[in-house]
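So the chains spell out like this:
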Amino acid sequence: MASEDVKASESAVSTIVNLAEEAKLAREGVKGPSYAVLSICKSLVAGGVAGGVSRTAVAPLERLKILLQVQNPHSIKYNGTVQGLKYIWKAEGFCGLFKGNGTNCARIVPNSAVKFFSYEQASKAILLLYQQQTGNEDAKLTPVLRLGAGACAGIIAMSATYPMDMVRGRLTVQTEKSPFQYRGMFHALSTVLREEGPRALYKGWLPSVIGVIPYVGLNFAVYESLKDWLVKANGHAEDLELSVVTRLACGAAAGTVGQTIAYPLDVIRRRMQMVGWKDAASIVTGEGRSKAQLEYNGMIDAFRKTVRHEGFGALYKGLVPNSVKVVPSIAIAFVTYEMVKDILGVEIRISD
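Right, let's walk through the structure included here. This structure is a prediction, so every number in the text was calculated from the model and none was measured.

Next up on the list: the environment of Lys325. Residue position: Lys325 is located in helix 13 (residues 319-344). Overall, the relative accessible area of 6% leaves Lys325 in the buried class. Separated by 270 residues in the primary sequence, Lys325 and Arg55 place their C-alpha atoms 8.7 Å from one another. Discounting chain neighbours no more than four positions away, the residues touching Lys325 are Val58, Leu61, Glu62 and Lys65.

As structure tokens, this is what we get:
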């Protein structure tokens, strides 16, 4: 009898210990559905804030870049960054520097949120497949795999928000001399739909997607790879130990590489977006020898006509203000994203 009581007592103690261990593991490792939803929301918020802050900081340069990209070669108004910004200030005042920024933010906030979140998910999926194929559970993402994850994120984010990007380009280009004025993003969307059809909202989509593959892909790949290299070189345990200035420098380098490679496709995208706009601003239609805006039958045709009529250098129109804009913009976006996630209490690491 006594031995049976002892066995019963041991069994009860063992059961209690096992339950305690399971509860501890549940608290530390297993996350419920509500936690997953909250984590996703925090990640989207961090990405959206990063996009809004970074884009507003460089809004004047963004508008000047688009004006330089689409202006008629026979009616030059903007000859450079400083002159262009002064011209806008003189002609349209301080608000002219930020024209189209509200629409831009309405586009970039969801775009940035989707982009960062998509990159995280794509990175996890690609890393899992890579570990399974190599049979190494400790394997990490290589720069090439990060490039692939960034490309996937860029395509998803661009496709999801492209109509807003299209109308934002038109809002940015229109001036006081435009015969017809879009009153805002929703008015522009409805007008384009009514007058040009739903397909018009995706004009220039193909060069945009082709351009976003190296652009966003290289941004993430260069940024993460540089951080990893600096962490190892300085003997840090994790990238959070890197200073804000160092992370900004990594983001600046990433932005420079990505935008330089993808820039010609951005120029073609903008020009294709203007096709079919019969009330285009004078900056597009021109006021000189050639008032007619060129028509493009597709991406290849746009490349061919741009180079034939304006030379190869036309593919890099607006590169200087864009470089001045992109370098701090990408850097601010990455660092803001990580800081907001830190404040919200979400795991900081963008990729493993």
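What follows continues from the structure just given.
Note on placement: Ser208 falls in helix 9 (residues 205-233). On the basis of relative accessibility, which here comes to 4%, the residue Ser208 falls in the buried class. A polar side-chain atom of Ser208 sits 2.7 Å from the main-chain carbonyl oxygen of Gly204. Contact partners of Ser208, with chain neighbours within four places excluded, come to Met158, Tyr162 and Arg269.

Taking 1.5 Å per residue as the helical rise, helix 9 with its 29 residues ought to reach 42 Å, and the 41 Å between its terminal C-alpha atoms agrees with that figure. Of all the bends in helix 9, the greatest, near 35°, is centred on Val212, and the proline Pro214 appears no more than four residues after it. Positive backbone phi, approximately 70°, marks Gly235, located one or two places after helix 9.

The next subject is the side chain of Gln131. Within the element layout of this structure, Gln131 appears in helix 6 (residues 101-134). Within the local environment of Gln131, its side chain forms a polar contact with the backbone oxygen of Ala139, the two atoms lying 3.1 Å apart. Not counting residues up to four positions away in its chain, the partners in contact with Gln131 are Asn136, Glu137 and Ala139.

The subject of this paragraph is the pattern of salt bridges. The tally for this structure, following the rule as stated, stands at 17 salt bridges. In this structure, Glu338 engages Lys227 in a salt bridge whose closest nitrogen and oxygen atoms are separated by 2.5 Å. One end of the pair, Glu338, is in helix 13; the other, Lys227, is in helix 9, with 111 residues separating them in the sequence. There is no split in this pair, since Glu338 and Lys227 are both buried. Lys317 is the partner of Glu310 in a salt bridge, and the nearest nitrogen-oxygen pair spans 2.6 Å. Judged by relative accessible area, Lys317 falls into the buried class, the value being 19%.

With that out of the way, let us pick up empty space enclosed by the protein. According to the stated counting rule, one finds two cavities of 30 Å³ or more in the structure shown. Volume-wise, the largest cavity comes out at about 600 Å³. Along its surface, the largest cavity is lined by 38 residues, and Arg55, Met158, Tyr215, Val216 and Arg269 are the ones closest to its centre. Those elements that place two or more of their residues in the lining of the largest cavity are helix 2 (33-57), helix 3 (59-70), helix 6, helix 7 (143-173), helix 9, helix 10 (244-274) and helix 13. If you tally residues by element for the lining of the largest cavity, the top one is helix 9, at eight residues. Taken together, the residues of the lining of the largest cavity sort by class into 16 nonpolar, eleven polar and eleven charged. In this structure, the second largest cavity occupies an estimated 50 Å³ of space. For the second largest cavity, the full set of lining residues is Ala59, Glu62, Arg63, Leu97, Phe98, Lys99, Gly100, Asn101, Asn104, Arg168 and Thr172. Elements supplying a minimum of two residues to the lining of the second largest cavity: helix 3, helix 6 and helix 7. Here the element with the most residues in the lining of the second largest cavity is helix 3; it accounts for three residues. Looking at side-chain class alone, the lining of the second largest cavity contains three nonpolar, four polar and four charged residues.

According to the stated counting rule, one finds eleven aromatic pairs in the structure shown. Note on Tyr162 and Tyr202: the rings are 5.7 Å apart at their centroids and 20° apart in plane angle, and the pair reads as stacked. Of this pair, Tyr162 sits in helix 7 while Tyr202 sits in the loop between helix 8 (185-196) and helix 9, placing them 40 residues apart in sequence. What makes Tyr202 partly exposed here is its relative accessible area of 39%. Judged by centre distance (6.1 Å) and plane angle (20°), the rings of Tyr263 and Tyr316 are stacked. Residue Tyr263 is found in helix 10, and its partner Tyr316 is found in the loop between helix 12 (299-310) and helix 13; the two are separated by 53 residues along the sequence. Residue class for Tyr263 comes out buried when judged on its relative accessible area of 1%. Owing to a relative accessible area of 28%, Tyr316 belongs among the partly exposed residues under this scheme. Each residue in the set Phe116, Tyr119, Phe220, Tyr223, Phe334 and Tyr337 is aromatic and connected to the rest through ring pairs, giving one cluster.

Here is what the cut-offs are and how they apply
Residue numbers restart at each chain and count upward from 1, following the sequence in its written direction. Predicted model: local features are reported for residues with pLDDT of at least 70 only, side-chain atom pairs are reported and counted for 80 or more only, and whole-chain, interface and lining totals are derived from all residues. Excluding hydrogens and water, the side-chain values take into account all heavy atoms of the structure. Under the DSSP-based scheme used, a helix requires at least four consecutive residues in state H or I and a strand at least two consecutive residues in state E, with every element numbered from the N terminus. Buried residues are those whose accessible area, probed at 1.4 Å on protein chains only, stays under 20% of the maximum for their type, while exposed residues exceed 50% and partly exposed ones sit between those limits. In what follows, residue pairs with any heavy atoms lying within 4.5 Å of each other are defined as contacts. Nitrogen and oxygen atoms within 3.5 Å of one another constitute a polar contact, given that in protein one can donate a hydrogen and the other can accept it, and given that sequence-neighbouring residues count only through two side-chain atoms. Residue count minus one, scaled by 1.5 Å, sets the expected span of a helix. For a residue, the bend is simply the angle between two axes, fitted respectively to the seven-residue segment ending there and the seven-residue segment starting there. Salt bridge, as applied in this entry: a Lys or Arg side-chain nitrogen positioned within 4 Å of an Asp or Glu carboxyl oxygen. Of the two site types, the cavity is a set of points on a 1 Å grid over the protein atoms alone where a 1.4 Å probe fits but cannot get out, and the pocket is an open set with protein on both sides within 12 Å along at least five of seven lines, each lined by residues with an atom within 4 Å of a point. Grid points are joined across faces, edges and corners, and a volume is the space filled by probe spheres set on the points. Polarity classes work like this: nonpolar for Ala, Val, Leu, Ile, Met, Phe, Trp, Tyr, Cys and Pro, charged for Asp, Glu, Lys and Arg, and polar for all others, with Gly in that last group. Aromatic pairing here means that ring centres of Phe, Tyr or Trp (its six-membered ring) are within 6.5 Å. Orientation follows from the plane angle: under 30 degrees is stacked, over 60 is edge-to-face, and everything else is tilted.

Worth remembering: the numbers are spatial, not functional.
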